[in-house]
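Secondary and tertiary structure notes
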Amino acid sequence: GIQVEQSPPDLILQEGANSTLRCNFSDSVNNLQWFHQNPWGQLINLFYIPSGTKQNGRLSATTVATERYSLLYISSSQTTDSGVYFCAAVMYSGGGADGLTFGKGTHLIIQP
Amino acid sequence: DAGITQSPRHKVTETGTPVTLRCHQTENHRYMYWYRQDPGHGLRLIHYSYGVKDTDKGEVSDGYSVSRSKTEDFLLTLESATSSQTSVYFCAISESWDQPQHFGDGTRLSIL
């Protein structure tokens, strides 16, 4: 199955800083999503982005499918951005799709 | 966010007892999924359903069974719970296998 790797595993920043989180995947994907898991454990959808670029406020994401990576940009970080950011992908294998394969996440801490 | 309700939200039980977790959706989505989240492993797919009475296994299906008798409900059963099944369980839904998945708030299950 597909492999998903995220970097860095941990990131500590001061409020107001910008950051870039990376997701590498091992094969062509049909679905790629970014999630934020907040301190209460909820998984919040950030982007559905199998290819191209999207922006939502201070967050933006770019997926370069041909080079098998996706980037999540967070600008002007706020303490509420703290949590774990997951990248997850689906690859159709001919016999079917097996749901999302998740990376292990980037643990982001924004200090005031 | 998407209308997904997981129940119970928390459960503590003993080894060897049967446990059933419920996922209920109000979105009429065709696909439903069960994942578990464990430290060091991220989220992993247990089982998924692509329609009423249509289910398939995921990466970590041993020890689990599922049923879907109507579109809105997807049940996950641990026939005889073991301590290794202590985890946080998430339900997700999507319109199709390649469309974005939306997650419920999770069920925290402890097996003593």
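Structural data are supplied above this passage.
The rules we used
Residues numbered from 1 in each chain as written. Chains lettered and ligands numbered in written order. Predicted model: local features only at pLDDT ≥ 70, side-chain atom pairs only at ≥ 80, totals over all residues. Heavy atoms only, no water. Pairing = 2+ DSSP bridges. Helix = DSSP H or I, 4+ residues; strand = E, 2+ residues; numbered from the N terminus. Axes fitted to C-alpha atoms, helices over the stretch in contact; angles between N-to-C directions. Disulfide = S-S within 2.5 Å. Contact = heavy atoms within 4.5 Å. Buried area = accessible area lost by both parts, 1.4 Å probe. Salt bridge = Lys/Arg side-chain N within 4 Å of Asp/Glu carboxyl O. Polar contact = N/O pair within 3.5 Å; in protein donor to acceptor, adjacent residues only side chain to side chain. Buried < 20%, exposed > 50% of the residue type's maximum accessible area, 1.4 Å probe, protein only. Core = buried A, V, L, I, M, F, W, Y, C linked by side-chain atoms within 4.5 Å.

Considering the sheet that holds strand E3 (residues 19-25) of chain A
All names here are of chain A. Here 5 strands make up an open sheet; going across it, the order is E1-E3-E8-E7-E6 and the pairing antiparallel. The outermost strands of the open sheet, each flanked by one partner alone, are strand E1 (4-7) and strand E6 (52-56). Each adjacent strand pair in this sheet contributes to an overall mean axis angle of 15°, direction not counted. Pairing between E6 and strand E7 (residues 59-64): 5 bridges, direction antiparallel. Residue pairing for E7: glycine 52 is matched across the bridge by threonine 63.

Things to note about the state of the cysteines
Residue and element names in this part refer to chain A. Tallied over the entire structure, the rule returns 2 disulfides over all chains. Disulfide pairing is shown between cysteine 23 and cysteine 87; the S-S distance is 2.0 Å. Where cysteine 23 bonds to cysteine 87 through sulfur, the torsion about that S-S bond is close to -60°, and the disulfide is left-handed. Of this pair, cysteine 23 sits in strand E3 while cysteine 87 sits in strand E9 (residues 83-90), placing them 64 residues apart in sequence.

Notes on unusual backbone geometry
The linkage connecting A:Ser7 with the following residue, A:Pro8, adopts the cis geometry, with an omega of -10°. In this structure, the amide linkage connecting B:Ser7 to the following residue, B:Pro8, adopts the cis form with an omega of -10°. Here B:Pro8 shows up in the loop between strand E1 (4-7) and strand E2 (10-13). One non-glycine residue with positive phi stands out, namely B:Asn28, at about 60°. Structurally, the position occupied by B:Asn28 is in the loop between strand E3 (19-25) and strand E4 (31-38).

Observations regarding the interface of chain A and chain B
With 19 residues of chain A at the interface, the matching set in chain B holds 17 residues. Across the interface of chain A and chain B, roughly 1600 Å² is buried in total on both sides, 56% from carbon and sulfur atoms. The interface formed by chain A and chain B contains 0 salt bridges. Taken together, the connections running from chain A to chain B amount to 8 residue pairs in polar contact (both at pLDDT 80 or more).

Considerations on the pattern of salt bridges
Within this structure, the stated rule accounts for 5 salt bridges over all chains. A:Asp81 serves as the salt-bridge partner of A:Arg58, at 2.9 Å between the closest nitrogen and oxygen. Here the residue A:Arg58 occupies a position in the loop between E6 and E7, and A:Asp81 occupies one in the loop between strand E8 (69-74) and E9, the gap between them amounting to 23 residues. Note on A:Arg58: relative accessible area 25%, which makes it partly exposed. Residue class for A:Asp81 comes out buried when judged on its relative accessible area of 6%. In this structure, B:Asp38 and B:Arg44 form a salt bridge, with 3.0 Å as the shortest nitrogen-oxygen distance. Classification of B:Asp38 by relative accessible area gives buried; the value is 11%.

Let's talk about the nonpolar core
In globular proteins that are soluble, nonpolar side chains generally tend to be buried together. Within the largest apolar cluster, 22 residues are counted, with the highest numbers of intra-cluster contacts made by A:Leu32, A:Trp34 and A:Leu72. When contributions to this core are tallied by element, the ones reaching two or more residues are strand E2 (10-14), E3, strand E4 (31-37), strand E5 (43-48), E7, E8, E9 and strand E11 (106-111) of chain A. Those residues within four positions of A:Leu72 in sequence are excluded, and the remaining contacts are A:Ser19, A:Thr20, A:Leu21, A:Trp34, A:Leu46, A:Phe47, A:Ser60, A:Ala61 and A:Tyr85. Membership of the second largest hydrophobic core comes to 19 residues, among which are B:Trp34, B:Leu76, B:Tyr89 and B:Ile111.

Digging into the pairing of E11(A)
All names here are of chain A. Judged by which residues are buried, E11 turns out to be one-sided: Thr106, Leu108 and Ile110 face inward and are buried, whereas His107, Ile109 and Gln111, on the alternate face, are not. As paired elements, E2 and E11 share 5 bridges and run parallel to each other. Within E11, the position partnered with isoleucine 12 by the bridge is isoleucine 109. Across 3 bridges, E9 lies against E11 in antiparallel orientation. Across the sheet, valine 84 pairs through a bridge with histidine 107, a residue of E11.

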